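Architecture and fold: a report
Given next are the chains, with one letter for each unit.
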Amino acid sequence: MAAAAVALCFLLREVDGVPQVLLGLKKTGFGRGKIVGIGGHVEAGETAAEAVIREVREETDVGLRLEDLRDAGVVRFVFPAKPEWDMDTRLFTAVCWEGEPIESIEIAPAWFDTAALPVDRMWQDADHWLPVVLEGGRVNIVVTMDNDNEAVASSESLLP
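**Things to note about helix α2 (residues 126-134)**
Helical geometry note: an α-helix holds 3.6 residues per turn, so side chains three or four residues apart project in the same direction. Burial in α2 covers these residues: A126, W129, L130, V133 and L134. Buried residues of α2, viewed axially, fall in a sector of 130°; they line one side. In this structure, the buried residues of α2 make contact with β1 (4-15), β2 (18-26), β5 (70-78), β6 (87-94) and β8 (139-145). Backbone geometry just downstream of α2 places G136 in the positive-phi region, at approximately 95°.

Written as structure tokens, this is what we have:
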């Protein structure tokens, strides 16, 4: 079974010199109850960038343009106990957008200081790669989840 193609975008801003990122409380579906990045599945015929623009609009009513996206790399999620959950996730960041985030049926968006991410409420893999992305770096990492589908069994960077 092929991994699902997913795209996430992390909107970044500074408030009084404090860097912040937009994340969201997942209200439905996969990851329900967790704080997650904004995004979702890449549909047939879409590029990852087109998908993330669509998903950010659907989930937060924020408008993005292709030229405002910065490619932040890829995370491959492997769920040995549930291979149907495997995902190839393209990551983007953006510092320019149109509109203010609002809650949708799927996501309750909120700004978090990048130095105080709510990792205790996120998927356990987040601290393996998200800080690098938020600092402007790129990742290419494979995260293998444990049999409980929650804990990280291993993470391996594919970058030199």
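**Looking at the pairing of β6**
Along any regular strand the residues' side chains alternate between the sheet's two faces. Of all eight residues making up β6, six are buried, and the element is well covered by its neighbours. Where β1 and β6 come together, eight bridges link them in parallel fashion. Paired with A4 across the bridge in β6 is M87. Where β5 lies against β6, seven bridges are found, and the strand directions are antiparallel. Bridging across to β6, R76 finds its partner in D88.

**Overview of the side chain of D68**
Considering the arrangement of structural elements, one finds D68 in the loop between α1 (48-60) and β5. Among residues more than four places away in sequence, those in contact with D68 are T93, A94, V95 and C96.

**Here we look at the packing of aromatic side chains**
Scanning the entire structure with this criterion turns up eight aromatic pairs. Between R13 and the ring centre of W111, over which it is positioned, the NZ or CZ distance is 3.9 Å. When the ring centre of W123 is taken as origin, the NZ or CZ atom of K34, which lies over that ring, is 4.8 Å away.

Rules of the game
- Residues numbered from 1 in each chain as written.
- Predicted model: local features only at pLDDT ≥ 70, side-chain atom pairs only at ≥ 80, totals over all residues.
- Heavy atoms only, no water.
- Buried < 20%, exposed > 50% of the residue type's maximum accessible area, 1.4 Å probe, protein only.
- Helix = DSSP H or I, 4+ residues; strand = E, 2+ residues; numbered from the N terminus.
- Arc of directions from axis to C-beta.
- Contact = heavy atoms within 4.5 Å.
- Pairing = 2+ DSSP bridges.
- Phe/Tyr/Trp six-rings, centres within 6.5 Å; stacked < 30°, edge-to-face > 60°.
- Lys NZ or Arg CZ within 6 Å of the ring centre and 35° of its normal.

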